[in-house]
Amino acid sequence: MAQDHAVALEDLTAGLKPGARLIGIDLGTKTVGLALSDPGRRIATPLETIRRTKFTADAQALIAICARHAVGGLVIGLPLNMDGSEGPRVQSTRAFVRNLAPLTALPIAFWDERLSTAAVTRTLIEADASRARRADVVDKLAAAFILQGALDRLNRPARGWATEED
């Protein structure tokens, strides 16, 4: 694996068994939002939110959820700055992956999560969700937003292939 223990998104599914799911992760300072793909790896569905305590407990909870749902790989949102640079939140996310990687054989890939939480929050506000309701669901919905973006990229036809748009 690379120095930060992550694989390229395109390499994430290379060794997966048919039907193995992917889990999307929105890593926050207080919570970890999770989303799960379908076995065909086309649709992301919000799963749950883990309240963060200590790394070991958070990692054990995540690994147990992965085992329970036949997960074959992880997609973790990488909170880049708007200009693409890496700030303290990216360093924290990379440190989480560096510490998680030795505890699991599952491959891990990053996905640019810029504006994922903002987009989800805006959608919830437009849907007239209460502040309390938004707080309950925003992290797992952001994880679904992250995972769906990665799934869409993975399922995009290879360049050079004819598409309906051609």
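For the structure, check the block above.
Just so it is clear, the model here is predicted, and its values are computed rather than measured.

Calculation rules
Residues numbered from 1 in each chain as written. Predicted model: local features only at pLDDT ≥ 70, side-chain atom pairs only at ≥ 80, totals over all residues. Heavy atoms only, no water. Helix = DSSP H or I, 4+ residues; strand = E, 2+ residues; numbered from the N terminus. Buried < 20%, exposed > 50% of the residue type's maximum accessible area, 1.4 Å probe, protein only. Axes fitted to C-alpha atoms, helices over the stretch in contact; angles between N-to-C directions. Parallel < 35°, antiparallel > 145°, perpendicular 65-115°, else oblique. Left-handed = near helix turned anticlockwise from the far one by under 90°. Contact = heavy atoms within 4.5 Å. Pairing = 2+ DSSP bridges. Expected span 1.5 Å × (residues − 1). Arc of directions from axis to C-beta.

1. Thoughts on unusual backbone geometry
Stage number 1. One non-glycine residue, Arg-41, lies in the positive phi region at around 55 degrees.
Stage number 2. Structurally, Arg-41 can be placed in the loop between strand S2 (31–37) and strand S3 (44–51).
Stage number 3. One non-glycine residue, Ala-70, lies in the positive phi region at around 55 degrees.
Stage number 4. The partly exposed category is assigned to Ala-70, whose relative accessible area is 49%.

2. Looking at the packing of helix H2 (residues 55–68) against helix H3 (residues 88–100)
Stage number 1. For the pair H2 and H3, the least separation of the axes is 11 Å and the interaxial angle reads 70 degrees. Classified by the interaxial angle, the pair formed by H2 and H3 is roughly perpendicular. Judged by the sense of rotation from one axis to the other, the crossing of H2 with H3 is right-handed. Seen from H2, the contacting residues are Phe-55, Ala-59, Leu-62 and Ile-63; seen from H3, they are Phe-96, Asn-99 and Leu-100.

3. Describing the sheet that holds S2
Across a sheet, paired strands are connected by hydrogen bonds in the backbone, their directions being either parallel or antiparallel.
Stage number 1. If you walk across this open sheet you meet the five strands as S3-S2-S1-S4-S5, and the pairing is mixed. Two strands close off the open sheet at either side, each with one partner strand: S3 and strand S5 (108–112). The average undirected angle you get between the axes of adjacent strands in this sheet is 30 degrees.
Stage number 2. By the bridge criterion, five bridges tie strand S4 (residues 71–78) to S5 in an arrangement that is parallel. By the bridge assignment for S5, Val-75 is matched with Ala-109.
Stage number 3. Contacts between H2 and the sheet are confined to strand S1 (21–27), S2, S3 and S4, with S3 contributing the most and set at about 150 degrees to the helix.

4. Some details on H2
Stage number 1. Counted at 1.5 Å a residue, the expected span for H2 with its 14 residues is 20 Å, and the 20 Å between its end C-alpha atoms agrees.
Stage number 2. Within H2, the full set of buried residues consists of Asp-58, Ala-59, Leu-62, Ile-65 and Cys-66. Axial view of H2: buried residues confined to an arc of 130 degrees, hence all on one face. Opposite the buried face of H2, at more than 90 degrees from it, the exposed residues are Gln-60, Ala-67 and Arg-68.

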